[in-house]
Amino acid sequence: MKISLRKLKELDLGSFSKWMRDEELLRQFFPGVEVPSKEEILLSFVDIMKNKKDMYFMILNKKSEPIGMISLLRDKVVKDKSGSYKMQVFIGEKEYWYSGCDVEAMKILVEKLENKDVDFYLEVRPENEKAVALFTSFGFVPQKIKKYPKDNIFPRVLRMDFDRKNSVDFFNA
């Protein structure tokens, strides 16, 4: 599948709104989250567009149509100047679910960051053995179980840091 990434733009509000109001998508990616109102979505989108510390990209199909989003969210606690980012990705267009577009988007973003001093990680449910195995094969290294007691959706996750030295499979997969 041929995809590309581009920075999020104001014209992406329509796709973002469509995806965030889709009950099936919310159950799949954000279980337990209620469908937000149009006003809540607009306010969230405005906040994202104003945000200068995080990076947001649209995932585009070969016709340059938005099919999902990938983002790098800067950690709140930064121990050094480079900091680290949490990678999040979702495919909003259902016809592209389970097609590998999310992994391809991750590859493209990692390649863009290859020569930059940016560390990143992702979080997965520890019981999702397929995802843990897949990300491990790409160079993500399981670090620790993190608990978010106030988070009803993801109260427990496995943090996996990206290790550039062990990422050969990621670029050749």
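Residues numbered from 1 in each chain as written. Predicted model: local features only at pLDDT ≥ 70, side-chain atom pairs only at ≥ 80, totals over all residues. Heavy atoms only, no water.

Under the definition given, this model contains eight salt bridges. Where Arg 6 meets Asp 12, a salt bridge forms, and the shortest distance between an N and an O atom there is 2.8 Å. Accessibility assignment for this pair places Arg 6 and Asp 12 in one class, buried. In the salt-bridge network here, residues are joined through shared partners; they are Asp 22, Glu 24 and Lys 94. (Salt bridge = Lys/Arg side-chain N within 4 Å of Asp/Glu carboxyl O. Buried < 20%, exposed > 50% of the residue type's maximum accessible area, 1.4 Å probe, protein only.)

Note: most peptide bonds trans; most residues except glycine with negative phi. Positive phi is not limited to glycine here, since Ser 64 has a value of about 65°. Mapping Ser 64 onto the fold places it in the loop between β2 (55–60) and β3 (66–74). Residue class for Ser 64 comes out partly exposed when judged on its relative accessible area of 49%. Phi is positive for Tyr 98, which is not a glycine, with a value near 60°. If you trace the backbone, Tyr 98 turns up in the loop between β4 (84–91) and α4 (101–112). (Helix = DSSP H or I, 4+ residues; strand = E, 2+ residues; numbered from the N terminus.)

Spatially, seven strands are ordered β1-β2-β3-β4-β5-β7-β6 in an open sheet, and the strand pairing comes out mixed. Each edge of the open sheet is held by one strand with a lone partner, namely β1 (4–7) and β6 (140–147). Strand-to-strand twist of the sheet, defined as the mean angle between neighbouring strand axes without regard to direction, takes the value 30°. With six bridges connecting them, β2 and β3 associate as antiparallel partners. The residue of β3 that forms the bridge with Ile 59 is Gly 68. Sheet contacts for helix α1 (residues 13–20): β2, β3 and β4; angle to β3, the most-contacted strand, approximately 90°. (Pairing = 2+ DSSP bridges. Axes fitted to C-alpha atoms, helices over the stretch in contact; angles between N-to-C directions. Contact = heavy atoms within 4.5 Å.)

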